[in-house]
Amino acid sequence: MRILSGIQPSGALHLGNYFGMMQKMIDYQEQEDLFCFIANYHAMTSLSDGKALARGTLEAAASFIALGLDTEKSTFWVQSDVPEVQELTWFLSNFTPMGLLERCHSYKDKIAKGIAANHGLFAYPVLMASDILLYQSNRVPVGKDQKQHVEVTRDIAIKFNNEYGDIFAIPEPEIDDDVATVPGLDGQKMSKSYGNTIDLFLEEKALRKQVMRIVTDPTPVEDPKDPDSCNVFQIYSLFLDKKAQADLRKRYEAGGLGYGEVKQELFEIIRDKFEPYRQHRMELLADLPGLREILNQGAEKARYTAMKTLRKVRKKVGSAY
Ligand code: ADP
Ligand code: TRP
């Protein structure tokens, strides 16, 4: 079973990215044929600073590898290192009705927020379809917000296959209901765009500062507290097994637990959890030629699969003559 997903390198990686996507992908590599990439072309829809994008790409790649993504077991690459994805995007565009894109929530939400509409933003789902179809993906784990994009991909693939025969595998979106949305500092979904993240690889002081900013209610220390409505509890629980979660719950309900105390514990847990990975990440970023070599090898592997698909497609559409 081929599983594919990508992450945009458009900002620092945070706990939402880790628990919502990265950890799951890293677990998959043991049993499945995992394809995982850094979606730097997609990030251009929100980031025009080329230097920041290039740096973000290297950092996201180093972070994924440091967190345990095994580049031997899986296929791991940077999207733009296989530029053939753009060629397929064009072919797919001709099988993408305008209405399909006009209905996309993600596009509509961005426009509603006042982001200027441009063709990149509009065509974003076609590039995403190209990522998925080029590599003959069967399953695509994504957050709820991306489900519609996988459905668009299916529609495009079915239209294309109807015209030319069975060229593409039809992918299934995989939405894991167990991985609830990780809340941010203010209780909304943790997201770069809301400025409410706890980042994975901050240095100690800055990390502590972020954790201390988690919004809590004004219940006095001695009073019992409701864990279910507490952002600190929700985030803390991600690091605990069932038994430890139940113990923490009891401490909340017993009263006498201050939010400052529980935030300090959470800060230490986050720091200690990511400390070993931080070292490895720094080493990878300190040797950029070495990191680029790893990424080149990943791109070679990805391109092998991409070319198999693309050769068939070029023949069918007639660009190979
Ligand atoms: P952001 O919202 O910070 O821009 P992205 O949209 O780039 O994050 O998300 C990349 C991946 O991380 C997606 O698979 C997404 O589902 C997952 N993800 C992001 N934020 C969260 C969250 N708060 N909870 C769970 N998963 C998340
Ligand atoms: N759009 C996805 C996101 O923002 C990232 C992405 C790009 C992706 N191409 C993909 C995810 C292909 C899955 C499959 O999270």
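Thresholds applied
- Residues numbered from 1 in each chain as written.
- Chains lettered and ligands numbered in written order.
- Predicted model: local features only at pLDDT ≥ 70, side-chain atom pairs only at ≥ 80, totals over all residues.
- Heavy atoms only, no water.
- Near = heavy atom within 4 Å.
- Polar contact = N/O pair within 3.5 Å; in protein donor to acceptor, adjacent residues only side chain to side chain.
- Areas by Shrake-Rupley, 256 points an atom, 1.4 Å probe, with all protein chains shown as cover.
- Helix = DSSP H or I, 4+ residues; strand = E, 2+ residues; numbered from the N terminus.
- Nonpolar A, V, L, I, M, F, W, Y, C, P; charged D, E, K, R; others polar.
- Buried < 20%, exposed > 50% of the residue type's maximum accessible area, 1.4 Å probe, protein only.
- Axes fitted to C-alpha atoms, helices over the stretch in contact; angles between N-to-C directions.
- Parallel < 35°, antiparallel > 145°, perpendicular 65-115°, else oblique.
- Contact = heavy atoms within 4.5 Å.
- Core = buried A, V, L, I, M, F, W, Y, C linked by side-chain atoms within 4.5 Å.
- Domains from an automatic or database assignment.
- Arc of directions from axis to C-beta.
- Phe/Tyr/Trp six-rings, centres within 6.5 Å; stacked < 30°, edge-to-face > 60°.
- Lys NZ or Arg CZ within 6 Å of the ring centre and 35° of its normal.

Visitor: Tell me what's going on with the site of ligand 1, and back it up with residues and numbers.
Guide: In the vicinity of ligand 1, 13 residues are found, and the nearest of them are His14, Val182, Met190, Ser191 and Lys192. In the model, an oxygen atom of ligand 1 is placed 3.0 Å from a nitrogen or oxygen of the Asn17 side chain. Between ligand 1 and Gly143, the relevant distance is 3.3 Å, taken from an oxygen atom to a main-chain nitrogen or oxygen of the residue. Protein coverage of the free-state accessible area of ligand 1, which is 540 Å², stands at 87%. Ranked by residues supplied to the shell around ligand 1, first place goes to helix α1 (residues 15–28) with four residues. Class assignment for the residues of the shell around ligand 1 results in four nonpolar, seven polar and two charged.

Visitor: Explain unusual backbone geometry to me, and be specific about the residues and the numbers.
Guide: In this structure, Gln136 takes a positive phi of about 50° despite not being glycine. Its place among the elements puts Gln136 in the loop between α7 (119–134) and β4 (139–141). Gln136 sits in the buried class, given a relative accessible area of 19%.

Visitor: Account for the packing of α7 against helix α8 (residues 147–164), naming residues and giving values.
Guide: The N-to-C vectors of α7 and α8 enclose an angle of 70°; their axes lie 9 Å apart at closest approach. When the axis of α7 is compared with that of α8, the two are roughly perpendicular. Only His149, Val150, Val152, Thr153, Ile156 and Ala157 of α8 make contact with α7, whose side of the interface consists of Tyr124, Pro125, Met128, Ala129, Ile132 and Leu133. Residues that form the contact of α7 with α8 fall into these classes: ten nonpolar, two polar and no charged.

Visitor: Describe the nonpolar core, and please don't skip the residues or the numbers.
Guide: Within soluble globular proteins, side chains that are nonpolar tend to cluster in buried spots. If you look at the biggest cluster of nonpolar residues, it comprises 55 residues, and the most contacted ones within it are Leu15, Phe64 and Ile198. When residues are assigned to domains, this core turns out to be shared by domain 1 (2–181 + 287–317) and domain 2 (201–282), each giving three or more. If sequence neighbours within four positions are ignored, Phe64 has contacts with Ile7, Met21, Met22, Met25, Ile26, Cys36, Ile38, Leu69 and Phe76. Core analysis: the second largest hydrophobic core is formed by 42 residues, Phe35, Phe160, Ala299 and Val313 among them.

Visitor: Now, about helix α9 (residues 204–212): what can you tell me, with residues and values included?
Guide: Of the residues making up α9, those classed as buried are Leu207, Gln210 and Val211. Looking down the long axis of α9, one finds its buried residues gathered within 95° of arc, a one-sided arrangement. Away from the buried face of α9 by more than 90 degrees, exposed residues Lys205 and Lys209 are located. At its buried positions, α9 is contacted by α12 (259–286).

Visitor: Quick one: what's the story with the packing of aromatic side chains, residue by residue and with numbers?
Guide: The final tally for this structure, using the stated rule, is 16 aromatic pairs. For the ring pair Phe274 and Tyr277, a centre distance of 6.1 Å and an interplane angle of 55° mean the geometry is tilted. Of the two residues, Phe274 and Tyr277 both sit in helix α12, three residues apart, roughly one turn of that helix. Here the aromatic cluster, defined as three or more aromatic residues joined through ring pairs, consists of Tyr18, Phe19, Phe201, Phe239, Phe274 and Tyr277. The ring of Tyr124 carries Lys110 above its face, with NZ or CZ at 5.1 Å from the centroid. Here Lys225 stacks its cationic end above the ring of Tyr259, 5.5 Å away from the centre of that ring.

Visitor: Could you give an account of the site of ligand 2, with specific residues and numbers?
Guide: The local shell around ligand 2 holds 14 residues, among which Gln8, His42, Tyr124, Asp131 and Gln146 are the closest. Side-chain polar atom of Tyr124 to a nitrogen atom of ligand 2: 2.6 Å apart, as the coordinates give it. If ligand 2 stood free it would expose 360 Å²; the protein chains cover 89% of that surface. Looking at the shell around ligand 2, the elements with two or more residues in it are β1 (2–7) and α7. Here the shell around ligand 2 is composed, by residue class, of eight nonpolar, five polar and one charged.

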